[in-house]
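# Analysis of the macromolecular model
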Amino acid sequence: MTLLRHPAHWWRENRLPLLAALTTMFILLFTVGGAVGIANAATKPAANDSVKGQTFTIATDTTWAPFEFQRDGKLRGIDIDLIKAVAADQGFDVKIDVIGFDGALAAVTAGQADAVMAGMSITSEREKLFDFSNPYFDSGIQMAVAKNDDSVKAYADLAGKTVSAKTGTEGYAFAEKLGKEFGFTVTGFQDAADAYNDVTTGHSAAVFDDYPILAYGIATGNVDLKTVTPQEKASSYGMAVKKGANEALRKAFNEGLKNLIDNGEYQKILDDYLGEAAPKAATIGEGKAALGNEKLDPGKPGELPKNPAFAVDTPQTHGEFTIATDTTFAPFIYQLDGKNVGIDMDLIRAIAANQGFKVDIKPLGFDAALAAVTAGQADGVIAGMSITDERKKVFDFSDPYYQSGVQMAVAKDSDITSYKGLKGKTVAVKTGTVGYDFAKKLSAEIGFKVNAFQDSADMYNDVATGNSAATFEDAPVLQFGIASGNVPLKIVTDAEPGADYGFAVLKGHNAELLKMFNTGLQNAKDTGVYQQIIDRYLASDDAGTTSDNSFWSLVKTSIGPLSQGLVLTLLATALSILFAMILGILFGILKLSANPFLRFLASAYVNIFRGTPVLVQAFFFYFGVPAVTGQPLDALTAGVITLSLNAGAYITEIVRGGVQSVDPGQMEASRSLGLGWGSSMRRVVMPQAFKIMTPNLINQFIITLKDTSLLSVLGFAELTYQGRIVIASTFRSFEIWIVVGIMYFIVIWLLTVLSNWVDRKFNK
């Protein structure tokens, strides 16, 4: 009993501390265990619950190394290893069904397989039948020749020869298209191995195939060829499911692909099969492969892109650069809500934000933009500028940022459907474009006349009004204009291959700027930012559409920028007239001087500025003077100098004539009263002369106001310039020029009324 009483006593004395200790141990156990579990869950991507535990049948090709083939007695390849890795990551199983490419497609459409994974190109035609995953590989076409053949190094060397390609592939289609341009024939084979053997045996001079197939065959030593050209961009590969079916599998694949890219496992798969030729996994599909099921918003025109893989907050420590551009080349450059937008504008701003430099955009017009760069007024030009051998003599170009194509459009009621219908007619083109070069070349063959314009809108109107039978324009520009509903034309030809667009700097200058542009452009393409910007303007849904195309809606949207232009027109006019009056009075008096040198000086000034066009003078002061002095002039300063000197020359003659019209006896009488020559001119002669000069001065003021429109070529945003800017985005030149004309008329009428009132007030 004593032994029993002591433990009971001990328990009564110590039960509370003991229970507290046990409770604490249990809390710590569950807390630590839970934390570890949460940590493990956080570090391991969650599997897709909708596919977890399921088994999917994946149909594939028989042999298409390195994507699917037998290796060490097992079915291996990029496709096979990838789908198995995705399945493991997402928690489902796969059954691989090797039935050949055509059989794989048939199996999926018939519901006998859940998906096809066979190096399948994502095309618009196939998207009608299949839903594709994100791209997991970017294809590219290369040309290869026999190892001991040094006679073929470029496409031009194939003239008159025969090449081989596997039928049904992009390589075959590319070779056929290229054959028409360079004059060679294409032999098709069912198997890639036969196409390769046709080259090694000397029957064909070269073979065209997808670069990974060629790279793998050459790397393994099984293909006795060598590649001699860089990769030509082709389509991307994706996993495909039947349209409207197996959406959960497609999403699981996207998520698993993203995870494998993040943890580096997919890069290891690519490196295993392609070695040094392996692409960076994170850049496949212009960054889409690494997005999972996240969709990137293209954003609105003029906005910096929002993309987690593309930094736009880089410290701007690499300086500020002046970038010249065109004024009217939508969708590459135009104005929207008073801001310069377009593919070119959004791209250069995104690259600047990514690379850490600032840009000052100067819309000058295409020809003026080139002149600004050559004169040192601008550091670079981006204006849908084609990269040509002729321009390379003057400019250093960036990597191409857009590949253009030329299309022909005619009036909606025209019956012209081909180039042959242009014989003996006139076509309209825009200077400096690929369309211009194409039309000039085609005119020699067909026999038509080419009429060149500075603006796309003027070119379109020339066709719409019947002055020209057709127009040739860069495909995206033409498509954007027609889609907007403001270009009353129709496209009647497919796009012809055109030149590449590039950013340009003066040859030998601004190498750092060019390097930053190339780096930023590559980053934009790798992360999908480039495609985001393109989609803003060229996506097929509603690119370029407007909700209200009425005249009053146009006036409402354009009155803001036109009013801003009117204010600058009046400012330039007032400053020019002020300085012109000073110059006119000064040189007018010098022309009356008894000193022959002073008379010669005044006469030389008048003859020079009355004998040369205002436009030439404007270019001289804006481009020429800075090129000599190294001191740039802004458009307003150069414009005011030009108009002041030009108007001053005319006012000089007005002053001379006015003074000489005053009776000489007036001067003699004032001198006889003891007044000096200066006092006599100021108090007696000039007041009478001004009464005589007033009508001519009013006329000169009006001429000077209208001459401000010529400053638009310098990028000075006066009224005419703003009108061209509005036309660039709306293509409605007829209505806009009516509005601009009315605004000029009202201002000039008010100026005339004011001048006449002043004349009556002071000269009565």
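Residues numbered from 1 in each chain as written. Predicted model: local features only at pLDDT ≥ 70, side-chain atom pairs only at ≥ 80, totals over all residues. Heavy atoms only, no water.

Quick look at the overall build of the chain now. Assigned secondary structure in the chain consists of 24 helices and 26 strands. Computed over C-alpha atoms, the radius of gyration of the chain comes to 37 Å, more than 25% over the 27 Å expected from 2.2 N^0.38 for 764 residues, which places it beyond the range of a compact globule. Overall, the C-alpha framework of the chain stretches about 150 × 100 × 50 Å when taken along its three principal axes. Across the 764 residues that make up the chain, the buried fraction comes to 48%. In the chain, the 66 positive side-chain charges and the 79 negative ones have mean positions that sit 8 Å from each other. (Helix = DSSP H or I, 4+ residues; strand = E, 2+ residues; numbered from the N terminus. Rg over C-alpha atoms; globule rule 2.2 N^0.38 Å. Buried < 20%, exposed > 50% of the residue type's maximum accessible area, 1.4 Å probe, protein only. Lys, Arg positive; Asp, Glu negative; His and termini not counted. Charge placed at Lys NZ, Arg CZ, Asp CG, Glu CD.)

Interaxial distance between helix H17 (residues 551–590) and helix H20 (residues 635–661) falls to 6 Å at its minimum, and their mutual angle equals 40°. With respect to H20, the axis of H17 lies oblique. The two elements H17 and H20 meet at a crossing, and its hand is right-handed. Here H17 contributes Leu-571, Ala-572, Leu-575, Ser-576, Phe-579, Ala-580, Met-581, Leu-583, Gly-584, Ile-585, Phe-587 and Gly-588 to the contact with H20, which in turn contributes Leu-636, Val-640, Leu-643, Ser-644, Leu-645, Ala-647, Gly-648, Ile-651, Thr-652, Val-655 and Arg-656. A breakdown of the residues in the contact of H17 with H20 according to their chemical character gives 16 nonpolar, six polar and one charged. (Axes fitted to C-alpha atoms, helices over the stretch in contact; angles between N-to-C directions. Parallel < 35°, antiparallel > 145°, perpendicular 65-115°, else oblique. Left-handed = near helix turned anticlockwise from the far one by under 90°. Contact = heavy atoms within 4.5 Å. Nonpolar A, V, L, I, M, F, W, Y, C, P; charged D, E, K, R; others polar.)

Those residues of helix H5 (residues 192–200) that sit buried are Ala-192, Ala-195, Tyr-196, Asp-198 and Val-199. For H5, the buried positions fall inside an angular range of 155° around the axis, keeping them on one side. Summarising the contacts, the buried residues of H5 are in contact with strand E7 (137–146), strand E8 (162–166), strand E9 (185–189), strand E10 (206–210), helix H6 (211–219) and strand E11 (225–227). Of the residues trailing H5, Gly-202 is marked for its positive phi of about 90°. (Arc of directions from axis to C-beta.)

For Pro-308, the location among the structural elements is in the loop between helix H8 (265–274) and strand E14 (320–325). Pro-308 sits 17 residues away from Leu-291 along the chain, and the two C-alpha atoms are 9.7 Å apart. Those residues in contact with Pro-308 that sit more than four places away from it in its chain are Glu-294 and Leu-296.

As for its position among the elements, Thr-694 is in helix H22 (residues 677–707). The exposure class assigned to Thr-694 is buried, which follows from its relative accessible area of 13%. Polar side-chain contacts of Thr-694 include one of 2.6 Å to the backbone oxygen of Phe-690. (Polar contact = N/O pair within 3.5 Å; in protein donor to acceptor, adjacent residues only side chain to side chain.)

As a further point, take a nonpolar patch on the surface. Among the surface-exposed residues, Phe-734, Ile-738, Ile-742, Phe-745, Ile-746, Trp-749, Leu-750 and Val-753 lie close enough to one another that they form a single nonpolar patch of about 830 Å² accessible area. Inspection of the secondary structure puts Phe-745 in helix H24 (residues 733–763). (Patch = residues over 30% accessible without salt bridge, like charges linked within 9 Å, V, L, I, M, F, W, Y side chains within 5 Å. Areas by Shrake-Rupley, 256 points an atom, 1.4 Å probe, with all protein chains shown as cover. Salt bridge = Lys/Arg side-chain N within 4 Å of Asp/Glu carboxyl O.)

All right, on to the environment of Phe-137 then. Position of Phe-137 relative to the elements: it lies in strand E7. Along the sequence, Phe-137 and Ala-281 sit 144 residues apart, while their C-alpha atoms lie 8.1 Å from each other.

Now for unusual backbone geometry. Along the chain, Ala-330 connects to Pro-331 via a cis peptide bond; the corresponding omega equals 10°. Its place among the elements puts Pro-331 in the loop between E14 and strand E15 (334–336). The backbone of Asn-510 sits at a positive phi, close to 50°, despite the residue not being glycine. Take Asn-510: it is sitting in the loop between strand E26 (504–506) and helix H15 (511–527). A relative accessible area of 25% places Asn-510 in the partly exposed class.

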